[in-house]
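Remarks on the overall topology
Here are the chains, one letter per residue:
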Amino acid sequence: MRILNIVEGTSVDGPGLRTSIYFSGCTHKCEGCHNPQSWDYEAGKETTLEEVMKVIEYNGFPVTFSGGDPFFQAEDVTVLAREIKSRLGKNIWCYTGYRWENVVDNPRFRPLLETIDVLVDSPFILAQRDISLRFRGSGNQRIIDVKQSLAKGEVVLVDM
Ligand code: SF4
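These notes cover the structure that comes with them.

Taken together, the neighbourhood of the ligand is formed by C26, H28, K29, C30, C33, S38, W39, G68, G97 and F124. The residue makeup of the shell around the ligand, split by class, is 5 nonpolar, 4 polar and 1 charged.

Assignment of secondary structure puts R2 in strand β1 (residues 2–10). Setting aside chain neighbours within four positions, we find R2 in contact with F23, S24, Y41, E42, A43, G44, K45, E46 and Q73.

Time to look at the pattern of salt bridges. The final tally for this structure, using the stated rule, is 10 salt bridges. Residue R108 is joined to E75 by a salt bridge in which the shortest nitrogen-to-oxygen separation is 2.8 Å. Here E75 lies in helix α2 (residues 74–88) and R108 lies in the loop between α3 (100–103) and α4 (110–115), a separation of 33 residues in the sequence. Given a relative accessible area of 38%, R108 falls into the partly exposed group. One salt-bridge network, held together by shared partners, links E50, E57, E83 and R87.

With that settled, consider the sheet that holds strand β3 (residues 45–46). Across the sheet, which stays open at both edges, the 7 strands sit in the order β3-β1-β2-β4-β5-β6-β7 with mixed pairing between neighbours. On the outer flanks of this sheet lie β3 and β7 (142–145), each paired with one strand and no other. Where strand β4 (residues 63–67) meets strand β5 (residues 92–95), 3 bridges bridge the pair, whose relative direction is parallel. The residue bridging F65 from the neighbouring strand is C94, located in β5. Contacts from helix α1 (residues 49–59) reach β1, β2 (18–23), β3 and β4, with the element oriented near 5 degrees to β1. Of the strands in this sheet, β2, β4 and β5 are in contact with α2, which crosses β4 at around 170 degrees.

Thresholds, definitions, all that
- Residues numbered from 1 in each chain as written.
- Predicted model: local features only at pLDDT ≥ 70, side-chain atom pairs only at ≥ 80, totals over all residues.
- Heavy atoms only, no water.
- Near = heavy atom within 4 Å.
- Nonpolar A, V, L, I, M, F, W, Y, C, P; charged D, E, K, R; others polar.
- Helix = DSSP H or I, 4+ residues; strand = E, 2+ residues; numbered from the N terminus.
- Contact = heavy atoms within 4.5 Å.
- Salt bridge = Lys/Arg side-chain N within 4 Å of Asp/Glu carboxyl O.
- Buried < 20%, exposed > 50% of the residue type's maximum accessible area, 1.4 Å probe, protein only.
- Pairing = 2+ DSSP bridges.
- Axes fitted to C-alpha atoms, helices over the stretch in contact; angles between N-to-C directions.

Below is the structure:
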């Protein structure tokens, strides 16, 4: 998988201290994107599953997938998410520029969705930018409880 960066002990990508993994590649091209260099899949470097697992295991924090858009590399990120769950049982948050409705019935995306705990969805919209929001940049983005949403068949927001 191609990874731009791994940040250990960050507090901005979900509750508590977390290991954030920034994946290369994004096609959403949101105006005002915080990290346009992440759009290029060739950015960052090729990283093995074991290299990433070693970092996650060493510091013991829960995990956040960001980017870029982790769903751009959905297959590889799914393998990583399953490994994190089976070996370490860590909580996983995942950011995406897609809306929940575009992810839930997509056969490429569904396996990753079923493996994570929280999805922060939707593109960043500059006109709705709000710096008072926790863990998201614009008011249209939602912090979604994945397990509850799948069980109920509708979006259930995380109570924060
Ligand atoms: S989804 Fe995220 S990384 Fe992709 S363009 Fe939008 S803000 Fe940037």
